[in-house]
Amino acid sequence: MTAITLDQAQAIVTAALKEGRAMNLAPLTVVVLDAGGHAVALAREDASSNMRPQIATAKASGALAMGVPSRKIAQIAEERPAFIAAAAGLAPGGLIPAAGGVLIRDASGTIIGAVGVTGDTSDNDETAALAGIKAAGLKD
């Protein structure tokens with residue numbers, strides 16, 4: 001299995017934050033987790049509130065735990081709220097059913113990690129996450 005590198009993780013964080021500034025978003029927090037759910041890189045912009053690292057981590061961790069982006073987890077939560085509530089209690093890194101947590105895949109499509117972004121609307125968080133993945137030359 002290919003592992004996400006520190007350089008790739010830092011590239012994702014940098015590009016996601018750059019996208020946030022280009023879109024004039026509220027201060028963002030970005031975390032990149034490896035496939036095992038361990039933090040590889042994290043950055044919290046000035047004035048980003050103090051719980052944002054945990055929220056970003058839970059978005060990314062939930063995506064890894066469920067094998068789908070956190071946007072899909074939000075859709076599942078609408079259909080089966082009790083299931084997602086129960087799953088959230090089991091996920092060691094948390095699980096946030098809102099867009100902004102995106103799986104990271106290598107060129108062969110293997111999941112090598114996930115990125116979580118929080119701070120603005122969930123849709124904008126996801127846009128920044130996707131920009132980070134693309135800039136690193138990886139796939140979502």
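Shown above is the structure to which this text applies.
The model shown is predicted, which means the values in this text are computed figures rather than measured ones. (Residues numbered from 1 in each chain as written. Predicted model: local features only at pLDDT ≥ 70, side-chain atom pairs only at ≥ 80, totals over all residues. Heavy atoms only, no water.)

**Q** I tried to follow the nonpolar core on my own but got confused; where do I start?
**A** A general trend in soluble globular proteins is that nonpolar side chains are found buried together. Grouped together as the largest cluster of nonpolar side chains are 21 residues, with contacts concentrated most on V32, I104 and V115. Of all the secondary structure elements, the ones that give two or more residues to this core are α1 (6–22), β1 (29–34), β2 (39–44), β3 (101–105), β4 (111–118) and α5 (122–135). When residues in this core are grouped by element, the largest group, 5 residues, is from α1. If sequence neighbours within four positions are ignored, V115 has contacts with I12, V30, V31, V32, A60, G100, G101, V102, I104, A129 and I133. (Core = buried A, V, L, I, M, F, W, Y, C linked by side-chain atoms within 4.5 Å. Buried < 20%, exposed > 50% of the residue type's maximum accessible area, 1.4 Å probe, protein only. Helix = DSSP H or I, 4+ residues; strand = E, 2+ residues; numbered from the N terminus. Contact = heavy atoms within 4.5 Å.)

**Q** So what exactly am I meant to see when it comes to the side chain of T29 here?
**A** Mapped onto the elements of the fold, T29 is located in strand β1. Within polar-contact distance, the side chain of T29 engages the side chain of S48 at 2.7 Å. Beyond its immediate sequence surroundings of up to four residues, T29 is in contact with A43, R44, S48, R52, P53, A56, G116, V117 and T118. (Polar contact = N/O pair within 3.5 Å; in protein donor to acceptor, adjacent residues only side chain to side chain.)

**Q** Help me out: how do you make sense of the side chain of K59 in this one?
**A** Position of K59 among the secondary structure elements: in helix α2 (residues 52–66). Within the structure, K59 has its side chain in polar contact with the backbone oxygen of A99 (distance 2.9 Å). A polar atom in the side chain of K59 sits 3.1 Å from the backbone oxygen of V117. If we skip the residues at most four places from it in the chain, K59 touches S70, I96, A98, A99, G100, G101, G116, V117, T118, S122 and D125.

**Q** For this particular structure, what's the right way to read the pattern of salt bridges?
**A** Working definition: two side chains of opposite charge can pair if their charged atoms are close together. Applying the stated criterion across every chain, the model contains 4 salt bridges. Across the salt bridge formed by R71 and E126, the nearest N and O atoms sit 2.9 Å from each other. With R71 in helix α3 (residues 70–79) and E126 in helix α5, this residue pair connects regions lying 55 residues apart in the sequence. Each of R71, D123 and E126 takes part in salt bridges that share partners, so that together they form one network. (Salt bridge = Lys/Arg side-chain N within 4 Å of Asp/Glu carboxyl O.)

**Q** Which parts of the structure should I look at to understand the sheet that holds β1?
**A** In a beta sheet, neighbouring strands are held together by backbone hydrogen bonds and run either parallel or antiparallel to one another. With antiparallel pairing, 4 strands are arranged side by side in an open sheet as β2-β1-β4-β3. In this open sheet, the two strands that pair with only one neighbour each are β2 and β3. Taking each pair of neighbouring strands and ignoring which way they run, the sheet shows an average axis angle of 15 degrees. In terms of strand pairing, β3 meets β4 through 5 bridges, oriented antiparallel. If you follow I104 over to β4, its bridge partner there is G113. (Pairing = 2+ DSSP bridges. Axes fitted to C-alpha atoms, helices over the stretch in contact; angles between N-to-C directions.)

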